[in-house]
Amino acid sequence: MPTEDKWKANMQKVAFSQQFPGLLLSWQACEGKTVRAVLPLTGKPGAMVIVFADASFTIVPPLTPEPWAIGQALVDARAHLESAHRTAYEEYDRLAQKDREALRNARLEKILGAIHNNLEQIPELKDRLKELVKEWR
């Protein structure tokens, strides 16, 4: 088989596979389906083929979400998860509040440090700060 014929045959196979019956290419299309099997995708460590009970399927990448994505997922899916994981959500809320407070304190310290470190270089800074405080009263 000449090289061009091989290339054409491969292109036809790829085009057909991308239109294969049951291939789902969006998460919305998977909603409500029952999982029949989760199989490793040969050649792609961590990737899986999810086969549904109706013989549809999808391919998913390795499950290595970034920490921010896990936190956002906990927020987005809370209505579906909280009743089963109430204690875990209570702890998550406590830690999230602690994180917000630590961020607030870090910002405060950064601002105060910047003021302190610039007092010598900007003599009018002290007077401007006093004026600012008076405006707030």
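As the structure is a prediction and not an experimental result, all values here were calculated from the model.

*Asks:* Honestly, the sheet that holds strand β2 (residues 48-52) in this entry has me stumped. Any pointers?
*Replies:* Within a sheet, adjacent strands bond to each other through the backbone by hydrogen bonds, running parallel or antiparallel. Here we have three strands laid out as an open sheet, ordered β1-β2-β3, and antiparallel in their pairing. Each edge of the open sheet is held by one strand with a lone partner, namely β1 (35-40) and β3 (57-60). For this sheet the average axis-to-axis angle between neighbouring strands, irrespective of direction, equals 20°.

*Asks:* Looking at this structure, I do not really get unusual backbone geometry. What am I missing?
*Replies:* Excluding glycine, residues mostly have negative phi values, and the peptide bonds linking residues are mostly trans. Unlike most non-glycine residues, A55 shows phi in positive territory, near 70°. Note on placement: A55 falls in the loop between β2 and β3.

*Asks:* How should a positive patch on the surface be read in this particular structure?
*Replies:* A grouping of K126, K130, K134 and R137 is seen on the molecular surface, where their side chains present a positively charged patch. Tracing the sequence through the fold places K134 in helix α6 (residues 125-136). K134 sits in the exposed class, given a relative accessible area of 63%.

*Asks:* Just checking my understanding: could you explain the nonpolar core for this structure?
*Replies:* Soluble globular proteins tend to bury their nonpolar side chains together. The biggest cluster of nonpolar side chains holds five residues, and these are L24, C30, I50, F52 and V60. In contact with L24, other than residues within four places in its own chain, are A29, C30, K33, F52, S56, F57 and T58.

*Asks:* Got a minute to help me understand the side chain of T58 in this structure?
*Replies:* Along the chain, the position of T58 falls in strand β3. T58 sits in the buried class, given a relative accessible area of 8%. Among the polar contacts made by the side chain of T58, one reaches the main-chain carbonyl oxygen of L24 at a distance of 2.8 Å. Not counting chain neighbours up to four residues away, the residues in contact with T58 comprise L24, C30, M48, V49, I50 and F52.

*Asks:* Explanation requested: the pattern of salt bridges in the structure shown.
*Replies:* If the charged atoms of two oppositely charged side chains come close together, the side chains can form a pair. All told, the structure shown has six salt bridges when counted by the stated rule. Between R78 and D93 there is a salt bridge whose closest N-O contact spans 2.5 Å. Of this pair, R78 sits in helix α4 (residues 78-81) while D93 is found in helix α5 (residues 86-118), placing the two residues 15 residues apart along the sequence. Taking relative accessible area as the criterion, D93 reaches 30% and is therefore assigned partly exposed. A salt bridge links R94 to E91; the shortest N-O distance between them is 2.7 Å. Taken together, the residues span about one helical turn, with R94 and E91 both in helix α5 at a distance of three residues. A relative accessible area of 44% means that R94 is categorised as partly exposed.

*Asks:* Any chance you could explain the side chain of S56 here in plain terms?
*Replies:* Along the chain, S56 turns up in the loop between β2 and β3. Judged by relative accessible area, S56 falls into the buried class, the value being 5%. A polar contact is formed between the side chain of S56 and the side chain of D54, at a distance of 2.5 Å. The residues touching S56, leaving out its near neighbours within four places in the chain, are G22, L24, K33, I50 and V51.

Cut-offs used in this document
- Residues numbered from 1 in each chain as written.
- Predicted model: local features only at pLDDT ≥ 70, side-chain atom pairs only at ≥ 80, totals over all residues.
- Heavy atoms only, no water.
- Pairing = 2+ DSSP bridges.
- Helix = DSSP H or I, 4+ residues; strand = E, 2+ residues; numbered from the N terminus.
- Axes fitted to C-alpha atoms, helices over the stretch in contact; angles between N-to-C directions.
- Patch = residues over 30% accessible without salt bridge, like charges linked within 9 Å, V, L, I, M, F, W, Y side chains within 5 Å.
- Areas by Shrake-Rupley, 256 points an atom, 1.4 Å probe, with all protein chains shown as cover.
- Salt bridge = Lys/Arg side-chain N within 4 Å of Asp/Glu carboxyl O.
- Lys, Arg positive; Asp, Glu negative; His and termini not counted.
- Charge placed at Lys NZ, Arg CZ, Asp CG, Glu CD.
- Buried < 20%, exposed > 50% of the residue type's maximum accessible area, 1.4 Å probe, protein only.
- Core = buried A, V, L, I, M, F, W, Y, C linked by side-chain atoms within 4.5 Å.
- Contact = heavy atoms within 4.5 Å.
- Polar contact = N/O pair within 3.5 Å; in protein donor to acceptor, adjacent residues only side chain to side chain.

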